[in-house]
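# Examination of the molecular architecture
Below are the chains, spelled out letter by letter.
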Amino acid sequence: MKLPNYEDERKRTNEEVKFIYLDDEFNNDALKNKKYFLKTYGCQMNVHDSEELRAHLENLGAVETDDLDESDIVILNTCAIRENAHDKVFGYLGRCKHIKEQRDLIICLCGCMAQEESVTTEIREKYPYVDIVFGTHNIHELPKLILNHQKKQDIEVYSIEGNVYENIPYKRDSKISAWVNIMYGCDKFCTYCIVPYTRGKQRSRKSIDIIDEVNDLVKCGYQEITLLGQNVNAYGKDLDNEVSFAKLLELVAKTGIKRLRFVTSHPWDFTDEMIDVISKYDNIMPYIHLPLQSGSSKILKLMGRRYTKEEYLDLYKKMKEKISDVAITTDIIVGFPNESDEDFSETLDVVKKCEFDSAYTFIYSPRIGTPAAKMKDSVSLETKEKRLQELNKLINHYSNIKNKEYLNKTVKVLITGISDKDNNKVCGYTETMKLVNVDAPKDTIGKIIDVKITDTKSFSMDGEIV
Ligand code: 5AD
Ligand code: SF4
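Here goes a summary of the coordinates provided.

### A look at the site of ligand 2
Taken together, the neighbourhood of ligand 2 is formed by C186, K188, F189, C190, Y192, C193, V195, P196, Q230, N231, H266 and R305. Residues belonging to the shell around ligand 2 are distributed by class as follows: seven nonpolar, three polar and two charged.

Laid out in structure tokens, this is it:
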């Protein structure tokens, strides 16, 4: 048994990161005839980690089911970013318990929640029917944990700064679009954020290993790659003699991949060199997700974001000027401790100046162990909810305007699958990451086609093949 420990998770020593090249020792049919049910909560990092979980299980012969009731193994890959993510997972565990009362079922919980001291304590004390808990640092140990599992609850969560694993097997969700991790963890320690504790210190992969992976994906016919990291543009800063993120982008663009994207960038690490590279290569998509978090310099300081309102606006302006037709989206938190009406109106002011293409907006959620959770807060939940509503109204207003600009225009869309809205249509994304439902034959899936936009809404558009 190994339980997480916040003090260790907070530590940042100068110890060198180990690069560990995995071999596939667990490739047998020990789980033949077993069905697994995997549920993923949270961000793209978790979505990509689930692709690794799938590979480990399928290397042992298990097959995936989307029906919880017929599964032999349940895996909940969890998120810790806000409290509501917690509530959902504990609710779901109740459903699993009910099934387990009637028959054999192995219940596993992993991901960011597993890295939280308070969660593992609660699971140990109140959820004895959860069989296996493992964290973000030992996903590759899943085969071992399942194969060695006896009746007793197994909690194996490491609170370490972390290693870099290579040769990770992935069973990718898509044959068209792939995620590629370029770094793990985060050292920014924004005061509200749990990520530096649940995912360890910033560890960049070596560019040579990243390029190898991208080349393999290009060879397999992938059309699009998204470089992944909590802080992609701080890439390489933790390694000696490694290239910058701008240079890495250029190297990846030169592999010939049709579309290249990256998430998430921190404004503080966004260099002019990056802007130049993005504008220079046609296969680097003109789409940037640039979290603002707040428009008030006072709140930004309390959040530990390392930029002011003015610096964000300057960077934004530079991107708009230099990268033609760039779409910029953002994340905003309302109701950070003691955010005043004036602070909130500064946020609205930035939204009005930037006219974001879209935004993810959240009410601040205190996370145990972070500095902000200790700040006294005099603002009522009612006020915070009102602010969120007002902000969303403004964001939707601009999303609508931005989408309307596409009406009757012809744009390039990478078709990724059948439309959820209408089974007779296909869907995909513009270069600027707008979802389009397209009247086009199914054999366009996997291709980049010209689409004329015929209608626009806040969150999607309709179009027809040209
Ligand atoms: N409360 C609310 N939102 C948060 N985010 C991160 N931590 C919190 C928190 N404690 C938001 C930020 C981040 C996005 C992924 O989630 O806006 O960019
Ligand atoms: Fe969290 Fe800030 Fe790191 Fe983003 S940059 S993961 S918000 S600590």
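### Regarding the site of ligand 1
Close to ligand 1 lie I81, R82, Y192, Q293, D331, I333, F362, I363, Y364, S365 and R367, which account for all nearby residues. A distance of 2.6 Å separates an oxygen atom of ligand 1 from a polar side-chain atom of Q293. In isolation ligand 1 exposes 400 Å². Once the protein is present, 86% of that is buried. Mapped by element, the contributors of at least two residues to the shell around ligand 1 are β15 (327-334) and β16 (358-363). Tallied by class, residues from the shell around ligand 1 come to six nonpolar, two polar and three charged.

### Re the pattern of salt bridges
Between side chains of opposite charge, a pair can form when the charged atoms approach closely. For the coordinates displayed, the defined rule picks out 33 salt bridges. Among the salt bridges present, the one from E250 reaches K280, with a minimum N-O distance of 3.4 Å. With E250 in helix α8 (residues 245-253) and K280 in helix α9 (residues 272-280), this pair connects stretches of sequence that are 30 residues apart. Looking at K280, the relative accessible area reads 56%, which means it is exposed. For K434, the salt bridge is made with D357, and the minimal N-O distance between the two is 2.7 Å. On the criterion of sequence distance, the pair formed by K434 in the loop between β18 (426-430) and β19 (435-439) and D357 in the loop between α12 (341-354) and β16 is long-range, its members being 77 residues apart. For D357, a relative accessible area of 7% corresponds to the buried category. Taken together, the salt bridges that share partners define one network made up of E166, R172, R205 and E213.

### Observations regarding the side chain of E9
Inspection of the secondary structure puts E9 in helix α1 (residues 6-10). Leaving out residues up to four positions away in the same chain, E9 has contacts with P4, Q115, S159, P196, Y197 and T198.

### A closer look at the pairing of β15
In terms of residue burial, β15 counts as a mostly covered element, since eight of its eight residues are buried. Pairing between strand β14 (residues 287-289) and β15: three bridges, direction parallel. The residue of β15 that forms the bridge with H289 is T329. For the segment spanning β15, α12 and β16, crossover handedness is right-handed.

### Observations concerning the nonpolar core
If you look at the biggest cluster of nonpolar residues, it comprises 68 residues, and the most contacted ones within it are L227 and F245. By residue number, the principal contributor to this core is α8, which donates six residues. The residues contacting L227, other than those within four sequence positions of it, are V180, I182, V232, F245, L248, L249, V252, L260, R261, F262 and V263. One finds L68, C96, L109 and I194 within the second-largest nonpolar core, a separate group that totals 31 residues.

Reading the values: rules and limits
Residues numbered from 1 in each chain as written. Chains lettered and ligands numbered in written order. Predicted model: local features only at pLDDT ≥ 70, side-chain atom pairs only at ≥ 80, totals over all residues. Heavy atoms only, no water. Near = heavy atom within 4 Å. Nonpolar A, V, L, I, M, F, W, Y, C, P; charged D, E, K, R; others polar. Polar contact = N/O pair within 3.5 Å; in protein donor to acceptor, adjacent residues only side chain to side chain. Areas by Shrake-Rupley, 256 points an atom, 1.4 Å probe, with all protein chains shown as cover. Helix = DSSP H or I, 4+ residues; strand = E, 2+ residues; numbered from the N terminus. Salt bridge = Lys/Arg side-chain N within 4 Å of Asp/Glu carboxyl O. Buried < 20%, exposed > 50% of the residue type's maximum accessible area, 1.4 Å probe, protein only. Contact = heavy atoms within 4.5 Å. Pairing = 2+ DSSP bridges. Right-handed = clockwise from strand over helix to strand, strands pointing away. Core = buried A, V, L, I, M, F, W, Y, C linked by side-chain atoms within 4.5 Å.

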